[in-house]
Structure formats: C-alpha cells, structure tokens
Amino acid sequence: MTKKQIDYVTCVIGAVALMTGKSCSLIYKQLQNAGIIKDYLAASYDVLHTFSLEYVAEDVIEMMKNKGYALC
C-alpha cells in the first residue's frame, strides 16, 4: 500500500470506530480478518477516496454485517 492508501484506511477505521463506539484496534482487526482493508479499501482507493468518509464508513459497516461481524 502507498502512504496515501494507508492514511485513507486509517481515516476510515477511525470513522467506523466513531460510528460504532468500538476501539480503532478492534475495528482494524475485524476489517483485516474480513479482508476488507486489502480487498476493498486499498484496492478501490482511487474511487473510494472521492466519497465522504461517512459514506464509506457506512458502506464498510454494512459489508461487515453481511459477513457476520457485529460492529454495532
């Protein structure tokens, strides 16, 4: 990952943590285990970074629910 991608993923993790009331480290571990960091956030960075963090965080939360992770 590039520095820009790492910075972006960090911001998304923080946004998801704020929206769910969970710690950033827990969110990171769950997103990593689900493959969302590599397969979605980093892979789609060029498109995703043009959307608001709120939109992407909500999308990530929905993806996690669909994968069986309870973030809320």
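Before any of the text, the structure's been laid out above.
Let me sum up the structure you'll find in this document. Since we're looking at a predicted model, the values are computed, not measured.

**So, the side chain of Gln5**
- Relative to the assigned elements, Gln5 resides in helix H1 (residues 3-20).
- A distance of 2.9 Å separates the side chain of Gln5 from the backbone oxygen of Ala42, its partner in a polar contact.
- Not counting residues within four places of it along the chain, the set of residues in contact with Gln5 comprises Ala42 and Tyr45.

**Here we look at the pattern of salt bridges**
- The final tally for this structure, using the stated rule, is 1 salt bridge.
- Asp7 serves as the salt-bridge partner of Lys3, at 2.9 Å between the closest nitrogen and oxygen. In this pair, Lys3 and Asp7 are both assigned in helix H1, 4 residues apart and thus about one turn of the helix distant.
- Taking relative accessible area as the criterion, Asp7 reaches 36% and is therefore assigned partly exposed.

**So, the packing of H1 against helix H5 (residues 53-66)**
- At a minimum axis separation of 9 Å, H1 and H5 run at an interaxial angle of 70°. With respect to each other, H1 and H5 are oriented roughly perpendicular. Contacts from Tyr8, Cys11, Val12, Ala15, Val16, Met19 and Thr20 of H1 reach H5 at Leu53, Glu54, Val56, Ala57, Glu58, Val60 and Ile61.
- Looking at the contact of H1 with H5, its residues break down into 11 nonpolar, 1 polar and 2 charged.

**Digging into H5**
- Compared with the 20 Å implied by 1.5 Å per residue over 14 residues, the 20 Å span of H5 between its first and last C-alpha is a close match.
- For H5, the full list of buried residues reads Val56, Ala57, Val60, Ile61 and Met64. The buried side chains of H5 occupy one side of the element, clustering within an arc of 140° when seen end-on. Turned more than 90 degrees away from the buried face of H5, the exposed residues are Glu54 and Asn66.
- Where H5 is buried, its residues touch H1, helix H2 (24-34), helix H3 (36-42) and helix H4 (45-48).
- With its phi angle positive at about 95°, Gly68 sits one or two positions after the end of H5.

**A closer look at the state of the cysteines**
- Enumeration over the complete set of coordinates arrives at 0 disulfides.
- We note that Cys11 lacks a disulfide partner, and the nearest cysteine sulfur, in Cys24, lies 10 Å from it.
- Using a relative accessible area of 40% as the deciding quantity, one classes Cys11 as partly exposed.

Definitions and limits used
Residues numbered from 1 in each chain as written. Predicted model: local features only at pLDDT ≥ 70, side-chain atom pairs only at ≥ 80, totals over all residues. Heavy atoms only, no water. Helix = DSSP H or I, 4+ residues; strand = E, 2+ residues; numbered from the N terminus. Polar contact = N/O pair within 3.5 Å; in protein donor to acceptor, adjacent residues only side chain to side chain. Contact = heavy atoms within 4.5 Å. Salt bridge = Lys/Arg side-chain N within 4 Å of Asp/Glu carboxyl O. Buried < 20%, exposed > 50% of the residue type's maximum accessible area, 1.4 Å probe, protein only. Axes fitted to C-alpha atoms, helices over the stretch in contact; angles between N-to-C directions. Parallel < 35°, antiparallel > 145°, perpendicular 65-115°, else oblique. Nonpolar A, V, L, I, M, F, W, Y, C, P; charged D, E, K, R; others polar. Expected span 1.5 Å × (residues − 1). Arc of directions from axis to C-beta. Disulfide = S-S within 2.5 Å.

From the geometry alone we can't say anything about function, so treat these as descriptive.
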